[in-house]
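A closer look at the structure
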Amino acid sequence: MNNIKTVMLMVLMAVIMMLIGGLVGGRTGLTVMLFFALAMNAFSYWCSDSLVLKWSGAQEITRDQAPQLYGLIESLAQRDNLPMPKVCIIDADEPNAFATGRSPEHAAVAVTTGIMRVLDYNELAGVLSHELSHVKNRDILTSTIASMMATVISYAAQFFMFFGGSSDDDDVNPIAAVAMMLLAPLAASIIQMAISRSREYEADKDGGALCGNPNYLADALEKIEYYVTHSAPLPEARPATANMYIVNPFEGTGKALMKLFSTHPDTADRIARLREQAREMRVR
(Lines give C-alpha, C1' and ligand atoms only; values in the text may rest on other atoms or scores of the structure.)
Protein backbone atom coordinates (compact mmCIF):
# COMPACT_ATOMS: atom_id res chain seq x y z
CA MET A 1 0.00 0.00 0.00
CA ASN A 2 2.82 2.42 0.83
CA ASN A 3 4.42 1.68 -2.55
CA ILE A 4 1.18 2.80 -4.21
CA LYS A 5 1.16 5.93 -2.03
CA THR A 6 4.71 6.69 -3.09
CA VAL A 7 3.93 6.39 -6.80
CA MET A 8 0.77 8.51 -6.42
CA LEU A 9 2.75 11.12 -4.49
CA MET A 10 5.44 11.32 -7.14
CA VAL A 11 2.84 11.65 -9.90
CA LEU A 12 0.90 14.30 -8.01
CA MET A 13 4.00 16.31 -7.22
CA ALA A 14 5.04 16.10 -10.90
CA VAL A 15 1.61 17.34 -12.00
CA ILE A 16 1.83 20.33 -9.65
CA MET A 17 5.28 21.19 -10.99
CA MET A 18 4.03 20.91 -14.59
CA LEU A 19 1.07 23.18 -13.79
CA ILE A 20 3.45 25.77 -12.40
CA GLY A 21 5.56 25.61 -15.55
CA GLY A 22 2.55 25.61 -17.88
CA LEU A 23 0.74 28.51 -16.28
CA VAL A 24 3.81 30.69 -16.04
CA GLY A 25 5.90 29.59 -19.01
CA GLY A 26 3.33 28.19 -21.42
CA ARG A 27 4.25 25.08 -23.45
CA THR A 28 7.95 25.68 -22.91
CA GLY A 29 7.53 25.94 -19.15
CA LEU A 30 5.39 22.79 -19.07
CA THR A 31 7.96 20.81 -21.05
CA VAL A 32 10.85 22.03 -18.93
CA MET A 33 9.02 21.15 -15.71
CA LEU A 34 8.02 17.72 -17.06
CA PHE A 35 11.64 16.76 -17.62
CA PHE A 36 12.66 18.38 -14.34
CA ALA A 37 9.94 16.41 -12.47
CA LEU A 38 11.09 13.12 -14.03
CA ALA A 39 14.68 13.86 -13.08
CA MET A 40 13.70 14.84 -9.54
CA ASN A 41 11.62 11.68 -9.08
CA ALA A 42 14.58 9.53 -10.10
CA PHE A 43 16.98 11.50 -7.90
CA SER A 44 14.54 11.40 -4.96
CA TYR A 45 14.23 7.62 -5.15
CA TRP A 46 17.96 6.92 -5.23
CA CYS A 47 19.54 9.81 -3.33
CA SER A 48 17.00 11.53 -1.09
CA ASP A 49 18.00 9.56 2.02
CA SER A 50 21.65 10.63 1.87
CA LEU A 51 20.58 14.21 1.18
CA VAL A 52 18.23 14.25 4.20
CA LEU A 53 20.98 12.88 6.44
CA LYS A 54 23.33 15.58 5.16
CA TRP A 55 20.71 18.30 5.68
CA SER A 56 20.17 17.18 9.28
CA GLY A 57 23.87 17.03 10.10
CA ALA A 58 23.68 13.29 10.86
CA GLN A 59 26.93 11.34 11.07
CA GLU A 60 27.04 7.56 10.68
CA ILE A 61 28.64 5.77 13.63
CA THR A 62 29.96 2.28 14.36
CA ARG A 63 29.26 -0.09 17.23
CA ASP A 64 32.48 0.99 18.97
CA GLN A 65 31.43 4.65 18.98
CA ALA A 66 28.04 4.07 20.67
CA PRO A 67 27.79 0.43 21.74
CA GLN A 68 24.57 0.74 23.77
CA LEU A 69 22.68 2.62 21.05
CA TYR A 70 23.98 0.36 18.30
CA GLY A 71 23.21 -2.77 20.28
CA LEU A 72 19.67 -1.62 21.09
CA ILE A 73 18.88 -0.89 17.43
CA GLU A 74 20.41 -4.21 16.42
CA SER A 75 18.31 -6.10 18.98
CA LEU A 76 15.06 -4.41 17.95
CA ALA A 77 15.79 -4.92 14.24
CA GLN A 78 16.41 -8.61 14.79
CA ARG A 79 13.18 -8.90 16.82
CA ASP A 80 11.25 -7.35 13.92
CA ASN A 81 13.10 -9.39 11.26
CA LEU A 82 14.63 -6.28 9.70
CA PRO A 83 18.10 -5.79 8.20
CA MET A 84 20.44 -3.77 10.39
CA PRO A 85 20.05 -0.10 9.40
CA LYS A 86 22.80 2.50 9.42
CA VAL A 87 23.05 4.20 12.80
CA CYS A 88 23.57 7.97 12.78
CA ILE A 89 23.93 10.62 15.46
CA ILE A 90 23.06 14.32 15.22
CA ASP A 91 25.01 16.60 17.54
CA ALA A 92 22.08 18.63 18.92
CA ASP A 93 20.62 19.25 22.38
CA GLU A 94 16.95 18.89 21.37
CA PRO A 95 15.77 15.28 21.80
CA ASN A 96 14.49 13.89 18.49
CA ALA A 97 14.92 11.04 16.01
CA PHE A 98 13.97 9.96 12.50
CA ALA A 99 14.42 7.14 9.99
CA THR A 100 15.12 7.47 6.28
CA GLY A 101 15.98 5.33 3.26
CA ARG A 102 14.30 3.90 0.18
CA SER A 103 13.81 0.39 1.63
CA PRO A 104 14.53 -1.69 4.77
CA GLU A 105 17.76 -2.81 3.08
CA HIS A 106 18.88 0.81 2.65
CA ALA A 107 17.56 2.36 5.86
CA ALA A 108 19.18 4.65 8.39
CA VAL A 109 18.06 5.62 11.89
CA ALA A 110 19.27 8.96 13.23
CA VAL A 111 19.04 10.20 16.82
CA THR A 112 20.21 13.40 18.46
CA THR A 113 22.71 13.47 21.30
CA GLY A 114 19.94 15.20 23.26
CA ILE A 115 17.57 12.24 23.06
CA MET A 116 20.31 9.90 24.29
CA ARG A 117 20.82 12.17 27.29
CA VAL A 118 17.15 12.85 28.14
CA LEU A 119 15.56 9.41 27.74
CA ASP A 120 16.23 6.29 29.77
CA TYR A 121 16.92 2.92 28.12
CA ASN A 122 13.28 1.80 27.92
CA GLU A 123 12.08 5.15 26.56
CA LEU A 124 14.81 5.15 23.93
CA ALA A 125 13.75 1.61 23.00
CA GLY A 126 10.21 2.92 22.49
CA VAL A 127 11.42 5.71 20.17
CA LEU A 128 13.67 3.40 18.17
CA SER A 129 10.85 0.85 17.87
CA HIS A 130 8.67 3.62 16.41
CA GLU A 131 11.34 4.51 13.85
CA LEU A 132 11.97 0.87 12.91
CA SER A 133 8.21 0.46 12.43
CA HIS A 134 8.42 3.22 9.84
CA VAL A 135 11.17 1.20 8.17
CA LYS A 136 9.14 -2.03 8.20
CA ASN A 137 5.99 -0.29 6.94
CA ARG A 138 8.05 1.34 4.18
CA ASP A 139 6.89 4.78 5.28
CA ILE A 140 10.37 6.24 5.06
CA LEU A 141 10.57 6.35 1.26
CA THR A 142 7.20 8.09 1.06
CA SER A 143 8.05 10.66 3.71
CA THR A 144 11.55 11.30 2.34
CA ILE A 145 10.27 11.88 -1.20
CA ALA A 146 7.43 14.06 0.14
CA SER A 147 9.96 16.22 1.97
CA MET A 148 12.20 16.59 -1.03
CA MET A 149 9.46 17.22 -3.57
CA ALA A 150 7.73 19.77 -1.32
CA THR A 151 11.01 21.65 -1.08
CA VAL A 152 11.52 21.55 -4.84
CA ILE A 153 7.98 22.75 -5.58
CA SER A 154 8.33 25.64 -3.15
CA TYR A 155 11.61 26.73 -4.74
CA ALA A 156 10.19 26.28 -8.25
CA ALA A 157 7.19 28.47 -7.43
CA GLN A 158 9.45 31.16 -5.99
CA PHE A 159 11.75 30.99 -9.01
CA PHE A 160 8.91 31.47 -11.49
CA MET A 161 7.45 34.26 -9.37
CA PHE A 162 10.60 36.33 -9.85
CA PHE A 163 11.94 35.09 -13.20
CA GLY A 164 9.03 33.43 -14.97
CA GLY A 165 6.98 34.66 -17.85
CA SER A 166 5.26 33.26 -20.91
CA SER A 167 7.15 33.57 -24.15
CA ASP A 168 5.13 31.36 -26.52
CA ASP A 169 1.52 31.59 -25.25
CA ASP A 170 -0.33 34.90 -25.24
CA ASP A 171 -3.37 33.54 -23.44
CA VAL A 172 -1.72 32.68 -20.14
CA ASN A 173 -3.84 34.10 -17.32
CA PRO A 174 -1.52 36.15 -15.07
CA ILE A 175 -3.94 35.87 -12.14
CA ALA A 176 -3.99 32.08 -12.46
CA ALA A 177 -0.20 32.07 -12.70
CA VAL A 178 0.20 34.09 -9.51
CA ALA A 179 -2.40 31.92 -7.75
CA MET A 180 -0.53 28.76 -8.73
CA MET A 181 2.78 30.16 -7.53
CA LEU A 182 1.23 30.96 -4.15
CA LEU A 183 -0.84 27.80 -3.75
CA ALA A 184 1.62 25.20 -5.07
CA PRO A 185 3.83 25.22 -1.94
CA LEU A 186 0.70 25.01 0.21
CA ALA A 187 -0.58 22.07 -1.86
CA ALA A 188 2.75 20.29 -1.46
CA SER A 189 2.62 20.83 2.31
CA ILE A 190 -0.95 19.51 2.53
CA ILE A 191 0.09 16.34 0.67
CA GLN A 192 2.95 15.94 3.13
CA MET A 193 0.66 16.38 6.15
CA ALA A 194 -1.96 13.94 4.88
CA ILE A 195 0.65 11.21 4.63
CA SER A 196 2.51 12.03 7.83
CA ARG A 197 -0.37 12.14 10.31
CA SER A 198 -1.82 8.73 9.51
CA ARG A 199 1.55 7.01 9.38
CA GLU A 200 2.54 8.34 12.81
CA TYR A 201 -0.39 6.62 14.51
CA GLU A 202 0.44 3.33 12.80
CA ALA A 203 4.13 3.57 13.70
CA ASP A 204 3.21 4.39 17.32
CA LYS A 205 1.03 1.28 17.56
CA ASP A 206 3.56 -1.02 15.91
CA GLY A 207 6.42 0.52 17.87
CA GLY A 208 4.57 0.06 21.16
CA ALA A 209 4.13 -3.62 20.38
CA LEU A 210 7.74 -4.06 19.22
CA CYS A 211 9.34 -2.63 22.37
CA GLY A 212 6.96 -4.72 24.52
CA ASN A 213 5.33 -1.84 26.37
CA PRO A 214 3.58 1.13 24.68
CA ASN A 215 4.11 3.15 27.88
CA TYR A 216 7.84 3.33 27.04
CA LEU A 217 7.03 5.29 23.89
CA ALA A 218 4.31 7.32 25.61
CA ASP A 219 6.75 8.38 28.34
CA ALA A 220 9.34 9.26 25.70
CA LEU A 221 6.86 11.40 23.74
CA GLU A 222 5.96 13.32 26.90
CA LYS A 223 9.60 14.17 27.53
CA ILE A 224 10.38 15.00 23.90
CA GLU A 225 7.28 17.20 23.61
CA TYR A 226 8.32 19.15 26.70
CA TYR A 227 11.85 19.81 25.45
CA VAL A 228 10.74 20.65 21.91
CA THR A 229 8.17 23.19 23.10
CA HIS A 230 10.58 24.80 25.57
CA SER A 231 13.71 25.10 23.43
CA ALA A 232 14.91 26.42 20.09
CA PRO A 233 14.41 24.17 17.02
CA LEU A 234 17.14 21.81 15.89
CA PRO A 235 19.89 23.91 14.25
CA GLU A 236 19.90 21.83 11.05
CA ALA A 237 16.15 21.07 10.90
CA ARG A 238 14.15 22.36 7.94
CA PRO A 239 10.37 22.80 7.65
CA ALA A 240 10.30 20.49 4.61
CA THR A 241 11.88 17.63 6.59
CA ALA A 242 9.91 18.19 9.82
CA ASN A 243 7.54 15.33 8.95
CA MET A 244 10.36 12.81 9.32
CA TYR A 245 11.06 13.43 13.01
CA ILE A 246 9.19 11.57 15.77
CA VAL A 247 7.99 14.98 17.08
CA ASN A 248 7.85 18.09 14.90
CA PRO A 249 11.09 19.99 15.73
CA PHE A 250 9.25 23.30 15.16
CA GLU A 251 6.43 22.45 17.58
CA GLY A 252 7.38 25.25 19.93
CA THR A 253 7.41 28.03 17.30
CA GLY A 254 4.12 29.71 16.42
CA LYS A 255 2.03 27.24 18.40
CA ALA A 256 -1.43 28.01 16.94
CA LEU A 257 -0.22 28.15 13.36
CA MET A 258 1.90 25.03 13.73
CA LYS A 259 -1.11 23.10 15.03
CA LEU A 260 -3.02 23.99 11.86
CA PHE A 261 -0.21 23.04 9.48
CA SER A 262 1.56 20.43 11.61
CA THR A 263 2.98 17.34 9.93
CA HIS A 264 2.20 15.31 13.06
CA PRO A 265 -0.93 14.38 15.02
CA ASP A 266 -1.40 16.04 18.39
CA THR A 267 1.17 14.52 20.77
CA ALA A 268 -1.36 14.29 23.62
CA ASP A 269 -3.62 12.20 21.39
CA ARG A 270 -0.73 9.93 20.43
CA ILE A 271 0.11 9.43 24.10
CA ALA A 272 -3.52 8.67 24.99
CA ARG A 273 -3.68 6.00 22.27
CA LEU A 274 -0.47 4.42 23.51
CA ARG A 275 -1.75 4.37 27.11
CA GLU A 276 -4.90 2.62 25.90
CA GLN A 277 -2.81 0.13 23.93
CA ALA A 278 -0.79 -0.60 27.08
CA ARG A 279 -3.99 -1.27 29.02
CA GLU A 280 -5.15 -3.67 26.33
CA MET A 281 -1.79 -5.44 26.49
CA ARG A 282 -2.04 -5.43 30.31
CA VAL A 283 1.39 -3.92 30.83
CA ARG A 284 2.48 -1.03 33.05
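As shown above, the structure is provided for reference.
Summarised in this report is the structure supplied together with it. All values derive from a computational prediction rather than experimental measurement.

**Points about the overall build of the protein**
When you go through the protein residue by residue, the secondary structure sums to nine helices and four strands. When the helices and strands of the protein are listed from N to C terminus, the series reads α-β-α-β-β-β-α-α-α-α-α-α-α. The long-range share in the protein, meaning contacts at least 24 apart out of those at least 6 apart in sequence, stands at 72%. Carbon and sulfur atoms make up 60% of the accessible area of the protein, which amounts to about 13,300 Å² in all.

**Concerning the nonpolar core**
Membership of the largest hydrophobic core comes to 37 residues, with the highest contact counts inside it found for Leu69, Ile115, Val127, Leu128 and Ile224. Here Leu69 is in contact with Val87, Ile89, Val111, Met116, Leu124 and Leu128, once residues within four sequence places are set aside. Of all hydrophobic cores here, the second largest spans 17 residues; its members include Met10, Met13, Ala14 and Met17.

**Points about the packing of aromatic side chains**
Enumeration according to the criterion identifies two aromatic pairs in this entry. Plain terms: the ring middles of Phe98 and Tyr245 are 5.0 Å apart, the flat faces sit at 70° to each other, and that makes the pair edge-to-face. With Phe98 in strand β3 (residues 97-100) and Tyr245 in the loop between α7 (214-229) and α8 (255-260), the pair connects residues that are 147 residues apart, well separated along the chain. Taking the relative accessible area as the measure of exposure, Tyr245 reaches 3% and is therefore buried. Summarising the aromatic geometry, the rings of Tyr226 and Tyr227 are spaced 5.7 Å apart at their centres and angled 90° between planes, so their arrangement reads as edge-to-face. For Tyr226, a relative accessible area of 48% translates into the label partly exposed. We note Arg273 situated over the ring of Tyr201; from NZ or CZ to the ring centre the distance is 3.6 Å.

**Some points on the pattern of salt bridges**
Applying the stated rule across the entire model yields ten salt bridges. We note a salt bridge from Glu200 to Arg270, for which the minimum N-O separation is 3.4 Å. Placement of Glu200 in helix α6 (residues 174-211) and of Arg270 in helix α9 (residues 267-281) is noted, with a sequence separation of 70 residues between them. Exposure class is identical for Glu200 and Arg270. Each is buried.

**What about the sheet that holds strand β4 (residues 108-112)?**
Strand-to-strand pairing in sheets goes through backbone hydrogen bonds, with the strands running parallel or antiparallel. The strand order across the open sheet built from four strands is β1-β2-β4-β3, with neighbouring strands paired in mixed fashion. Unpaired on one side and paired on the other, β1 (58-60) and β3 mark the two borders of the sheet. Across this sheet, the average inter-strand angle for adjacent strands is 25°, counted without regard to direction. Note that β1 and strand β2 (residues 86-90) share three bridges and pair antiparallel.

**As for a nonpolar patch on the surface**
Together, Val7, Val11, Val15 and Leu19 make up a nonpolar patch on the protein surface, roughly 320 Å² of accessible area in all. By the secondary structure assignment, Leu19 is in helix α1 (residues 2-56).

**Quick notes on helix α2 (residues 67-79)**
Along its 13 residues, α2 runs 18 Å from first to last C-alpha, staying within 8% of the 18 Å computed at 1.5 Å per residue. For α2, the set of buried residues is Leu69, Tyr70, Leu72, Ile73, Leu76 and Ala77. Angularly, the buried residues of α2 cover 165° about the axis, an arc narrow enough to put them on a single face. Turned more than 90 degrees from where α2 packs its buried face, Pro67, Gln68 and Gln78 sit exposed. Trailing α2 by a residue or two, Asn81 shows a phi angle of about 55°, which is positive.

Criteria and cut-off values
Residues numbered from 1 in each chain as written. Predicted model: local features only at pLDDT ≥ 70, side-chain atom pairs only at ≥ 80, totals over all residues. Heavy atoms only, no water. Helix = DSSP H or I, 4+ residues; strand = E, 2+ residues; numbered from the N terminus. Contact = heavy atoms within 4.5 Å. Areas by Shrake-Rupley, 256 points an atom, 1.4 Å probe, with all protein chains shown as cover. Core = buried A, V, L, I, M, F, W, Y, C linked by side-chain atoms within 4.5 Å. Buried < 20%, exposed > 50% of the residue type's maximum accessible area, 1.4 Å probe, protein only. Phe/Tyr/Trp six-rings, centres within 6.5 Å; stacked < 30°, edge-to-face > 60°. Lys NZ or Arg CZ within 6 Å of the ring centre and 35° of its normal. Salt bridge = Lys/Arg side-chain N within 4 Å of Asp/Glu carboxyl O. Pairing = 2+ DSSP bridges. Axes fitted to C-alpha atoms, helices over the stretch in contact; angles between N-to-C directions. Patch = residues over 30% accessible without salt bridge, like charges linked within 9 Å, V, L, I, M, F, W, Y side chains within 5 Å. Expected span 1.5 Å × (residues − 1). Arc of directions from axis to C-beta.

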